[in-house]
Amino acid sequence: MTTSATSGTGPADPAGPTENSLRRALKRARDGVALDVSEAAVLLQARGEHLDALTASAARVRDAGLEAAGRPGVITYSKSVFVPLTRLCRDKCHYCTFVTVPGKLRRAGHGMFMSPDEVLDIARKGAALGCKEALITLGDKPEDRWPEAREWLDAHGYDDTIAYVRAISVRILEETGLLPHLNPGVLSWTDFQRLKPVAPSMGMMLETTATRLWSEPGGPHHGSPDKEPAVRLRVLEDAGRSSVPFTSGLLIGIGETYEERAESLFALRKVSRAYHGIQELIIQNFRAKPDTAMRGMPDAELDELVATVAVARHIMGPSACLQAPPNLVDAEYERLIGAGIDDWGGVSPLTIDHVNPERPWPQIEELAAKSRAVGFELRERLCVYPEFVRRGEPWLDPRLRPHVAALADPATGLALPDAPVVGRPWQEPDEAFTASGRTDLHTAIDTEGRTSDRREDFDEVYGDWAALREAAAPGMAPERIDTDVRAALATAADDPTRLTDNEALALLHADGPALDALCKVADDVRKSAVGDDVTYIVTRNINFTNVCYTGCRFCAFAQRRTDADAYTLSLDQVADRAEQAWDVGAVEVCMQGGIHPDLPGTAYFDIARAVKARVPGMHVHAFSPMEVVNGATRTGMSIREWLSAAKEAGLDSVPGTAAEILDDEVRWILTKGKLPATTWIEVIETAHELGLRSSSTMMYGHVDQPRHWLGHLRTLAGIQQRTGGFTEFVTLPFIHTNAPVYLAGIARPGPTVRDNRAVTAMARLLLHPHIPNIQTSWVKLGTEGAAEMLRSGANDLGGTLMEETISRMAGSSYGSYKSVKDLIAVADAAGRPAKPRTTLYGPVPEERQRAARDSDGHLPQLLPVLD
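Within every chain, residues take consecutive numbers counted from 1 along the sequence as written. The predicted origin of the model limits local features to residues at a pLDDT of at least 70 and limits the giving and counting of side-chain atom pairs to 80 or more, whereas totals for whole chains, interfaces and linings rest on all residues. Values shown for side chains rest on all heavy atoms present in the structure; no hydrogens or waters enter the calculation.

Draft legend 1. The arrangement of the overall build of the protein in detail. When you go through the protein residue by residue, the secondary structure sums to 35 helices and 21 strands. Taken against the 2.2 N^0.38 rule, which gives 29 Å for 867 residues, the C-alpha radius of gyration of the protein at 29 Å falls within 12% of a compact globule. The classification of residues rests on relative accessible area computed with a 1.4 Å probe and restricted to protein chains. Under 20% of the type maximum is buried, over 50% is exposed, and intermediate values are partly exposed. Looking at the protein residue by residue over its 867 residues, the buried ones come to 63%. Whether two residues touch is decided by their heavy atoms; if any such pair falls within 4.5 Å, the residues are in contact. Once local pairs closer than 6 in sequence are excluded, the contacts in the protein between residues at least 24 apart make up 78%. Starting at the N terminus, helices and strands are each numbered in turn, a helix being any DSSP run of H or I of at least four residues and a strand any DSSP run of E of at least two. The quantity called the radius of gyration is restricted to C-alpha atoms. Its globule counterpart is 2.2 Å times the number of residues to the power 0.38.

Draft legend 2. Structural view of the pairing of strand 1 (residues 74–86). With 13 of 13 residues buried, strand 1 lies mostly within the body of the structure. Pairing of strand 1 with strand 9 (residues 377–381), which is carried by five bridges, proceeds in the parallel orientation. Within the sheet, the bridge partner assigned to Val74 lies in strand 9 and is Glu377. Only strands that DSSP links by at least two bridges are regarded as paired with each other. Taken together, the three bridges between strand 1 and strand 8 (residues 343–347) define a ladder with parallel strand orientation. When the sheet's bridge partners are listed, Ser78 is paired in strand 8 with Gly346.

Draft legend 3. Spatial organisation of the side chain of Glu393. Tracing the chain through its elements places Glu393 in the loop between helix 15 (386–391) and helix 16 (401–405). For this analysis, a polar contact is any N or O atom pair within 3.5 Å, provided that within protein one partner can donate a hydrogen and the other can accept it, and provided that sequence-adjacent residues contribute only side-chain to side-chain pairs. For Glu393, the side chain forms a polar contact with the side chain of Tyr549, separated by 2.9 Å. The residues contacting Glu393, other than those within four sequence positions of it, are Pro398, Arg401, Tyr549, Arg561, Pro597 and Asp598.

Draft legend 4. Representation of the pattern of salt bridges. In the sections that follow, a salt bridge refers to a side-chain nitrogen of Lys or Arg positioned within 4 Å of a carboxyl oxygen of Asp or Glu. For the coordinates displayed, the defined rule picks out 61 salt bridges. Here Arg560 ties to Asp563 by a salt bridge, and the two come within 3.4 Å at their closest N and O atoms. With respect to class, Arg560 is no different from Asp563; both count as buried. Among the ionic pairs, Arg614 bridges to Glu579, the shortest N-O distance being 2.9 Å. With Arg614 in helix 24 (residues 603–614) and Glu579 in helix 23 (residues 571–583), this pair connects stretches of sequence that are 35 residues apart. A residue is classified by how much of its surface remains accessible, and Arg614, at 29% relative accessible area, is partly exposed. Classification of Glu579 as partly exposed rests on a relative accessible area of 32%.

Draft legend 5. Structural context of helix 11 (residues 258–275). What a helix is expected to span follows from its residue count: subtract one and scale by 1.5 Å. Compared with an ideal rise of 1.5 Å per residue, which puts 18 residues at 26 Å, helix 11 spans 26 Å between its outermost C-alpha atoms and is within 8% of the ideal. Within helix 11, 14 of the 18 residues are buried, which leaves it mostly tucked inside the rest of the structure. Note on helix 11: the residue one or two positions beyond its end, His276, has a positive phi of about 55 degrees.

Draft legend 6. Examining the layout of surface pockets more closely. Estimates place the volume of the second largest pocket at around 690 Å³. Points on a 1 Å grid, built from protein atoms alone, make a cavity when a 1.4 Å probe fits but cannot get out and make a pocket when they are open with protein on both sides within 12 Å along at least 5 of 7 lines; residues with an atom within 4 Å of a point are the lining residues. Taken together, 28 residues make up the lining of the second largest pocket; nearest its centre are Glu237, Lys270, Ala274, Ala467 and Ala471. If you list the elements that add at least two residues to the lining of the second largest pocket, you get helix 10 (229–241), helix 11, helix 19 (465–476) and helix 27 (664–670). Ten residue types, Ala, Val, Leu, Ile, Met, Phe, Trp, Tyr, Cys and Pro, are classed as nonpolar, four, Asp, Glu, Lys and Arg, as charged, and the remainder, Gly among them, as polar. Per-class residue counts for the lining of the second largest pocket are 15 nonpolar, two polar and eleven charged. Grid points are joined across faces, edges and corners, and a volume is the space filled by probe spheres set on the points.

Draft legend 7. The packing of helix 29 (residues 706–723) against helix 31 (residues 753–767), seen in detail. In this analysis, axes come from line fits to C-alpha atoms, helices being fitted only over the stretch in contact, and the angle between any two N-to-C directions falls in the range 0 to 180 degrees. One can describe the packing of helix 29 onto helix 31 by two numbers: an axis separation of 10 Å at closest approach and a directional angle of 30 degrees. In terms of axis orientation, helix 29 runs roughly parallel to helix 31. Crossing hand, helix 29 versus helix 31: right-handed. When helix 29 is examined against helix 31, the residues Trp709, Leu710, Leu713, Arg714, Leu716 and Ala717 are found in contact with a partner set consisting of Arg754, Asp755, Val759, Met762, Ala763, Leu766 and Leu767. For this classification, under 35 degrees means roughly parallel, over 145 means roughly antiparallel, 65 to 115 means roughly perpendicular, and everything else is oblique. Two helices cross in a left-handed way if the nearer one is turned anticlockwise from the farther one by less than a right angle. They cross in a right-handed way if the turn is clockwise.

Draft legend 8. Fine view of the environment of Asn795. Position of Asn795 relative to the elements: it lies in the loop between helix 32 (778–790) and strand 20 (796–799). The class of Asn795 is buried, set by a relative accessible area of 2%. Sequence separation between Asn795 and Ala834 is 39 residues, and the spatial gap between their C-alpha atoms is 9.6 Å. Residues within four places of Asn795 in sequence aside, it is in contact with Arg526, Val530, Asp533, Val534, Thr535, Arg764, Pro772, Asn773, Ile774, Leu790 and Arg832. A distance of 3.0 Å separates the side chain of Asn795 from the side chain of Asn773, its partner in a polar contact.

Draft legend 9. Geometry of empty space enclosed by the protein. The final tally for this structure, using the stated rule, is six cavities of 30 Å³ or more. The space that makes up the second largest cavity amounts to roughly 370 Å³. In terms of lining, the second largest cavity is formed by 24 residues, of which the most central are Gln193, Lys196, Ser242, Ile595 and Arg634. At the level of elements, helix 8 (189–195) and helix 25 (625–635) are the ones that each hand at least two residues to the lining of the second largest cavity. When residues of the lining of the second largest cavity are assigned to their parent elements, the largest contribution, five residues, is made by helix 25. Residue composition of the lining of the second largest cavity, by class: ten nonpolar, eight polar and six charged.

Draft legend 10. Molecular detail of the packing of aromatic side chains. When two rings of Phe, Tyr or Trp (its six-membered ring) have centres within 6.5 Å they constitute a pair, described as stacked for plane angles under 30 degrees, edge-to-face for angles over 60, and tilted for the intermediate range. Summed over all chains, the structure comprises 15 aromatic pairs. Members of the aromatic cluster, each reached through a chain of ring pairs, are Phe544, Tyr604, Phe605, Phe623 and Trp642. Charge-over-ring placement is defined geometrically: NZ (Lys) or CZ (Arg) within 6 Å of the ring centre, and within 35 degrees of the ring normal. Sitting over the ring of Phe388, Arg391 keeps its end group 4.2 Å from the ring centre. The aromatic ring of Trp395 is capped on one face by Arg391, whose charged end is 5.1 Å from the ring centroid.

Draft legend 11. Up close: unusual backbone geometry. Residue Glu393 is joined to Pro394 through a cis peptide bond whose omega torsion reads 5 degrees. Mapping Pro394 onto the fold places it in the loop between helix 15 and helix 16. Along the chain, His768 connects to Pro769 via a cis peptide bond; the corresponding omega equals -5 degrees. Following the sequence through the fold, Pro769 ends up in the loop between helix 31 and strand 19 (774–775). Positive phi is not limited to glycine here, since Glu660 has a value of about 50 degrees. Structurally, Glu660 can be placed in the loop between strand 16 (653–654) and helix 27.

Draft legend 12. Inspection of the environment of Gln705 at higher detail. In this fold, Gln705 is placed in the loop between strand 17 (693–700) and helix 29. Here Gln705 falls in the buried class, since its relative accessible area comes to 8%. Considering only alpha carbons, one finds Gln705 and Leu508, 197 residues apart in sequence, at a separation of 9.6 Å.

Draft legend 13. Expanded view of the side chain of Asp342. Topologically, Asp342 is positioned in the loop between helix 13 (333–339) and strand 8. Here the side chain of Asp342 touches Leu322 through a polar contact of 2.7 Å, landing on its backbone nitrogen. Leaving out residues up to four positions away in the same chain, Asp342 has contacts with Arg62, Leu66, Val74, Ile75, Thr76, Arg313, Ala320, Cys321 and Leu322.

Draft legend 14. Fine view of the environment of Ser855. Relative to the helices and strands, Ser855 is located in helix 35 (residues 846–855). Judged by its relative accessible area of 22%, Ser855 falls in the partly exposed class. The sequence separation of Ser855 and Ala406 amounts to 449 residues, and the corresponding C-alpha distance is 56 Å. Side-chain polar atoms of Ser855 contact the backbone oxygen of Val584, separated by 3.1 Å.

Draft legend 15. Molecular detail of the nonpolar core. What is meant by a nonpolar core is a set of buried Ala, Val, Leu, Ile, Met, Phe, Trp, Tyr and Cys residues, joined one to another through side-chain atoms within 4.5 Å. Of all hydrophobic cores here, the largest spans 127 residues; its most connected members are Met591 and Trp680. It is helix 31 that contributes the most residues to this core, eight residues altogether. Excluding residues that lie within four positions of it along the chain, Trp680 makes contacts with Pro625, Gly656, Thr657, Ala658, Ala659, Leu662, Arg667, Leu675, Leu716, Ile719 and Phe726. Membership of the second largest hydrophobic core comes to 124 residues, among which are Leu138, Trp152, Leu178 and Ile364.

So, to be careful, I would describe these as geometric facts and stop short of saying anything about function.
In structure tokens:
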């Protein structure tokens, strides 16, 4: 293989860094000054007395962190069993002996995967010995490379390897009481949602950010798709977005330079600071193994490992947890403790280290004695670190809380050494639909308002605000547009389907007379496409809970379960509200809620059934793509299976909310844990394929720019051309007043009037002729604003709503409902006739129109309209 001369096997300059550069970097480290990459690279080469000085300062940083964490002088380990669920893998790492091929497994009498009985036998024996962690390790996506793996999964009823990992984790929890720690390799965002309910923690080594070691022939990761650094960094970020306690780390001495090693540490620090989700970093030294392509590479020396641990401690800071595997050093434990580690990792009294089978685990008693000799007490922890045990939600799924609580000391979060390790049911929380909290918020929001402008965990639930500001800055910069606006307007007037991206961007930036001309063109296209009628629907919003820990930074609706404004409706309350709406002429209920950790994935089916049982004729327009994914991953169903079951339960169509901006550059600033753009598209297209039509939406005016609006609209047009399933496009101006991302000083204070007109007009042009209905939001814009949008290309006013909590919690001042007369008045203000519609833009039965006229869309105790 190709190695760099500046790797751990020998620096480019035989003399190494200069004495002055070492002393300067050591002084900065000793004084607690933040290091940069070049200084860290210098310190990685410290040896002799310089290394002693480096480790001494690193140890002081570690000790300060342990003191602050309430466990001074404690070094931890996890008593575990190692379960090699499958040794098949689609990757070809040049140093790995864990991975094998199907033929060798057959000759050894093994299956392609360990059977459930084999796994549970190990787990039960481990439980009898007091182990509390089942470390489940396996190769990446073996079914993608090996037909034998695919055949095994099919024969045993699993769609993919992740489905088997989930199923065996549940059995381990229920039948043995061990806590699964999952190492299944590269995971998608959806994979994390599938596995989070069955495992308190997961992990994947970053190893290195040196792309050349993956991309260049002869490199240790060449030919391994899952070892691309960008892919692995995305996994770490998705773990943080999903609030999964995650273990990662470096593999040193595989050919990386000192600079590349330092860059890898800084990349880990960046992810850790952004999401606060990396529970532990492992610094692992390379050990050459026979029968591998890298068998001739020298092992990473102990000084290399010690220096890397010390530098990692300085970079990651006092609160980080650092581990170095004790079986990969020759009993030189005191040097690793002196360099700043505070954990020994998993140590098994039963199983071998299947990744390094030639290196046996030390005896736990030996580790305790070695740690005690340098002044540290060895204490047992769980696979999930104490900080995350104490944090609780959203880091621990409710179905895992009883399992973790049975083994954890509530005061410290460490393991209770003598706790009985026995199986416990893995099940949904009881009484998910017990009415609780401020269930009158749908009306009280208009009279009493919200209790405070932000939830109590504002500084924790959304991630690191400083890191977010840094990420948001590039997208906030306006662009220079040189395209001729007049030529673009001519194209739009002649045939809007021929607008190029440059022309569309020029029009999205239009202002003054150009903007007026653009809106006139869009209004003309509207008239030719759908006529003059302004449509509206008599509908009721029902937000069945606002308890949510997803961490959407634009959302002022979500609350912790203990917050003063939190609430959850019972099924009867949901059905009552649907029945009230039917009595006053509604044809639809629109139902969405927070991602409540206690609601089972089948709860959505119960909601749909409750409404249909009470009001069979009501159209159920419900469950955003985020809720769909939540339901599917909680039940273990595919998105298609879950949507089919929801349709059978009474779901009629899907709101195309949770889209925000379908560009992950913006998306990961707006939200910590919501689904990625590709998953939103997958849900919507699957719904359309199943005959469930949907709306489409765009929330704009926050950290976005016109180029993001263009990309979003092009994406929606493409979906519509493939599926034909969108009923309308809804413009959603960002309401900033109580939005966390605005309160943190990152987002703009919503879109301007210019923005609203340009977006509405360009939505009409860019979606023509595929999505004929463009809806404006009176809740967000008010009566005059909505009328202006009707003159700028819109043809629909949405619904009466009857209650509206989400925008009102964000600070909208335009009330929670409009009567039918109010909506007709908005159309009148735009000089157009009004016409009622159904969800699918069909005619409304006369009986429904009569009921709406008789009550004018008013609920029995509806509040006065706010001006």
